[in-house]
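# Secondary and tertiary structure notes
Listed below are the residues making up each chain.
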Amino acid sequence: QCDYTAKTYKYLKIHMSSKHEGIRYPCDQCEHTSSDAIYLKRHKEREHDGIGHPCNQCDFIAKHYSTLKLHKESKHEGITYSCDQCEFITTDKTNLRRHRESKHEGIRHACNQCDFSTSDQTCLRRHKRSKHEGVRYFCDQCEFQSPQKFKLKRHKELKHGETSQPLNASSQFSIEIVKHNQSTETLVQNMT
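Summary of the structure given here. (Residues numbered from 1 in each chain as written. Predicted model: local features only at pLDDT ≥ 70, side-chain atom pairs only at ≥ 80, totals over all residues. Heavy atoms only, no water.)

From N to C terminus, the chain includes seven helices and ten strands. The buried share of the chain, taken over its 192 residues, is 21%. Taking all contacts inside the chain whose residues are at least 6 apart in sequence as the whole, residues at least 24 apart take part in 4%. Of the roughly 14100 Å² of accessible surface on the chain, 49% is carried by carbon and sulfur atoms. (Helix = DSSP H or I, 4+ residues; strand = E, 2+ residues; numbered from the N terminus. Buried < 20%, exposed > 50% of the residue type's maximum accessible area, 1.4 Å probe, protein only. Contact = heavy atoms within 4.5 Å. Areas by Shrake-Rupley, 256 points an atom, 1.4 Å probe, with all protein chains shown as cover.)

This is how it looks when you write it as structure tokens:
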């Protein structure tokens, strides 16, 4: 029915049921739907039950084991990946692959509904969801809305002080900058 290929029969079966038969497993706590019951269970554990994978060397908590593994490799073991064609270095294999595809192989992913194109397939998926499917995440405390879930989470952290897990260093730094900018704006307003 399509060009999809799977490594295992299980993955092919999941693809067939979700893409060609329209079978989806909706979450009873949010708008998320999954292509398989086990994926729905994992979604609920991560998103609603707070089950995560804590780092045994710092306060970081990952929603996915693979994210924890990458965290440990980059933050605690110092593992890096270098491009063999230029000076690019990263702590993430996926970033290295994306770099090679976009900078050295010229690979582009085009939207089939408009003129948008990008070197990153994840960006293309995000674009389609926000621009063509109208996906939006709304703040329950103000009028803010975003096409991306992580931006809503960051908004809630920065504007409403909400945190769902310990903040990592970069988000804490962002909060401090915002607090600094807000106090600077207050000082400027008081001076005028």
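What follows deals with the environment of glutamate 47. Residue placement: glutamate 47 occurs in helix α2 (residues 37-47). With relative accessibility at 28%, the residue glutamate 47 sits in the partly exposed group. Every residue in contact with glutamate 47, bar those within four places of it in the chain, is listed here: Lys63 and Lys149.

By the element assignment, lysine 156 lies in helix α6 (residues 149-160). With a relative accessible area of 15%, lysine 156 lands in the buried category. When sequence neighbours within four positions are dropped, the list of residues in contact with lysine 156 reads Cys139, Asp140, Gly161 and Glu162.

Here we come to a positive patch on the surface. Residues Arg125, Arg126, Lys151 and Arg154 make up a contiguous surface patch of positive charge. Elements supplying a minimum of two residues to the positive patch: α5 (121-132) and α6. Considering the arrangement of structural elements, one finds lysine 151 in helix α6. By relative accessible area, lysine 151 is classed as partly exposed at 31%. (Patch = residues over 30% accessible without salt bridge, like charges linked within 9 Å, V, L, I, M, F, W, Y side chains within 5 Å. Salt bridge = Lys/Arg side-chain N within 4 Å of Asp/Glu carboxyl O. Lys, Arg positive; Asp, Glu negative; His and termini not counted. Charge placed at Lys NZ, Arg CZ, Asp CG, Glu CD.)

With that settled, consider the environment of proline 26. Tracing the backbone through its elements, the reader meets proline 26 in strand β1 (residues 25-26). Among the residues examined, proline 26 registers a relative accessible area of 56% and is labelled exposed. Proline 26 sits eleven residues away from alanine 37 along the chain, and the two C-alpha atoms are 9.2 Å apart. Every residue in contact with proline 26, bar those within four places of it in the chain, is listed here: His32, Thr33 and Leu40.

Before going further, it helps to examine the environment of lysine 151. Residues lysine 151 and tyrosine 137, 14 residues apart in the sequence, show an inter-C-alpha distance of 8.8 Å. If near-sequence neighbours (up to four positions away) are discounted, lysine 151 is found in contact with Phe144 and Ser146.

Two side chains carrying opposite charge are able to pair once their charged atoms lie near each other. Counting across every chain of the model gives six salt bridges. Among the ionic pairs, glutamate 101 bridges to arginine 97, the shortest N-O distance being 3.3 Å. With a gap of four residues between them, glutamate 101 and arginine 97 both fall in helix α4 (residues 93-104), about one helical turn apart. For glutamate 101, a relative accessible area of 15% puts it in the buried group. Measuring nitrogen to oxygen at the nearest pair gives 3.4 Å for the salt bridge that ties lysine 156 to aspartate 140.

Without other data, these values stay purely geometric and don't point to any function.
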